[in-house]
Structure formats: C-alpha cells, structure tokens
Amino acid sequence: MTRHIVIISVIFSVLISFYTSCFIIQEGQCGIVLRFGKVLRDIDNNPIVYNPGLHIKIPILEKVKNLDIRIQTMENQEDRFVTMEKKDLIIDSYIKWRISDFSRYYLATGGGDISQAETLIRRKFSDRLRSELGKLDVKGIVTDSRNQLMSDVRKLLNYGTVGNDNEKVLSNNCMFFSNFKNNEFYLVDSFKDNLEINQNSMAALGIEIVDVRIKQINLPVEVSDAIYQRMRAEREAVARRHRSQGQEEAEKLRAVADYEVTRTLSEAEHQSLIIRGEADAETVRIYANSFNEDPDFYIFLRMLHAYENSFKDDYNVIVLNPESNFLRFMKLQ
C-alpha cells in the first residue's frame, strides 16, 4: 500500500513539474525568459526569444514574459507646433510601432508596460516633430513636403541624431555625417556588428517606428476665428458693394418707370382734355343749333330743368318776387 502511494506521489510530482516547466506562446506574441529577473541570453549575448508554440523552462527559477510582436497603433493627442514662419498649427497624428529588441524593451519600459512605451514614444516623437516642423513653412507642411517630413521623422526616431552644427544620423549599417559649413558629406563605416546603438534613438528602447502619419492640420482657435472674421468682413464688403450696385440700378429703373408713368399720364390727360374740349364744342354746337331751330322751346326746356333742380325736396323754399322772370311759366293765364 505504501509502495503504491509513493509511486502515485512520484508520478504526481513529475506531472506537476512538467506542467510548471511548460509554457505556451500564443500566436502574435513572443516570449523571453527571466532567470532571477535577468533576461536569458545565448552565447552571442543576444536575448533568447521564444516563438509561438510549446516551450520548457526551469520551474520557480525562471519566469516567462510574453510580449506582443504585432504592429501597434498609438493615437496622439492634438498638440500645438510652431513653423519656420513662427505660425502655430494644431496637428493630430498617429504612430505605428513594434518591438525590435525584447530585452531593451523590457528594461526600458519597466517590464514590458505598453503604456510606458507609448509615453516614451510620444515624448520623443513630439520633440522630433517639433524640431522638423520648425524647418518648414505652412505651405510645405500641407503640400507634398509632408510625406518627406513623415519619412524624415521616422528615420530620425529610429536611428537618432547627435550634434547640432554637424548633424549625424545613426543607422543599422552606416553613419552619415554632413558638414554644412564646408558643404561636404562623409560616409563612415560603422563596423556593423560592433555598432553602438544611439541612445537618442528608439532602438535604444528596443522599439522600431514603422510609420508616422499626420491625420489633420488645423489652425489654433484664435487664429481660425480671426481668419473667419476677416473672411466674413471681406464677404460683407462684397455684399455691401453688390447691394449698393443693386440699389443704384433699382433707383435708375425706378426713375425710368416714374418718368414713363408721368409721361403716360400727362399724354393721357392731354388727350382727355382734347377729347373733352371737342365734346364740349360739339355739345355747344348742338345746343346752338337746337336753340336756333326753336328758341322758345329751348328756353322752356331749360326752365323746366331749372325748376326740377330747384324743387327736388319737399322742404325747398324760394322767396322771389311774383313778377320775377324765373316764375313766368308758373303763372296762370
């Protein structure tokens, strides 16, 4: 009985040891093994990187740190930058990056913390972009020079620069020196394997910048407001000019219309006076002819009209001398 218990215990211990010794690296990740907190390295002093799959480690003594090897996208907050013309721009950008050296990345980020890595990237990117934008004007930034700007920023982040007067860009295979004073360029071999990584580069952090892009370029609020106010003032000036021109044309048309109305009315009145005068003349002629035909009858008819107009109402009273000529036709014979 005791023998069986011992065998079961041994088997159980072996299984536990095997289980704690095995570790799995998922697809899209790589792992590094830490022994007493230090990254395991091979005989060439390169960190041992474990690819996706099943691997074995020493239990308790060694720990596994999984790192994401996929390309990461980091969105940057909008920030204010100054151009060569001393004009402010609000730039929105993003960065694509990935891990290039696992051990350096692990140490630089305090254990592979992505947020810490993005903080370091954002700080270096902001400084480098600010420096490069200070060499360009607004026209160069918003036109074709922007692609070259992004390419230069990416290279400078990856390889770093040293010096101010004589700029030195450090790459994986060679170092480029440019002497602007003497207008000479030098290409110096970096001895490849013995090349020291520039501490000013992202390679010192174990990070490779894959791509840098500017999403949007805006003017500051106070500048855009001033531009909009100027544009509004210009448009209002144009509107006032068109409005005044339209008012002038309206006054001209109104004056012409008033003239035509006055002329037409005067001509019509003139014609009406002529027609009325001709009608009055014809009426007088007819009356004259009628009077000449029978003067007594005409006088009698006119007197009847006078009576009719004088005694329209029952309350009309006329005080006249009975011998008045006006009442001669009312006298009884």
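As shown above, the structure is provided for reference.
Within any chain, residue numbers begin from 1 and follow the written order of that chain's sequence. Side-chain atom pairs in this predicted model are given and counted only at pLDDT of 80 or more, local residue features only at pLDDT of at least 70, and totals for whole chains, interfaces and linings cover all residues. By convention in this description, side-chain values take in all heavy atoms of the structure and omit both hydrogens and water.

1. A short note on the overall build of the chain
Note the following rule: Starting at the N terminus, helices and strands are each numbered in turn, a helix being any DSSP run of H or I of at least four residues and a strand any DSSP run of E of at least two. For every residue, the accessible area (1.4 Å probe, protein chains only) is compared with the maximum for its type, and the residue is labelled buried under 20%, exposed over 50%, or partly exposed between those bounds. In this analysis, two residues are considered to be in contact whenever any of their non-hydrogen atoms come within 4.5 Å of each other. Only the protein chains shown count as cover for residues, and the accessible areas themselves come from Shrake-Rupley with a 1.4 Å probe.
Broken down by element type, the chain carries seven helices and 14 strands. Out of the 333 residues in the chain, the part that is buried amounts to 25%. Restricting the contact set of the chain to residue pairs at least 6 apart, pairs at least 24 apart contribute 62%. Looking at the chain as shown, the accessible area adds up to about 23800 Å², and 55% of this sits on carbon and sulfur atoms.

2. Focus: the nonpolar core
This is how the line gets drawn: Working definition of a nonpolar core: buried Ala, Val, Leu, Ile, Met, Phe, Trp, Tyr and Cys residues. They are joined through side-chain atoms within 4.5 Å.
Core analysis: the largest hydrophobic core is formed by 32 residues, its most contacted members being Trp97, Ile121, Leu129, Ile207 and Ile209. Only strand E2 (29–35), strand E9 (88–99), helix H2 (102–108), helix H3 (114–133), helix H5 (145–159) and strand E14 (207–218) provide two or more residues apiece to this core. Per-element tally for this core: the top contributor is H3, with six residues. Excluding its chain neighbours within four sequence positions, the residues that come into contact with Ile209 are Ile95, Lys96, Trp97, Ile121, Arg154, Leu157, Asn158 and Met202.

3. A word on the packing of aromatic side chains
Aromatic ring pairs: the centre-centre distance and the angle between the two ring planes describe each pair. Note the following rule: Only the six-membered ring of Trp is used, alongside the rings of Phe and Tyr, when aromatic pairs are assigned; centres must lie within 6.5 Å, and planes under 30 degrees apart are stacked while those over 60 apart are edge-to-face, with the rest tilted.
Inspection of every chain in the model, using the stated rule, returns one aromatic pair. With a centroid separation of 6.2 Å and an interplanar angle of 35 degrees, the aromatic rings of Trp97 and Tyr105 are classed as tilted. Since its relative accessible area comes to 1%, Trp97 is described here as buried.

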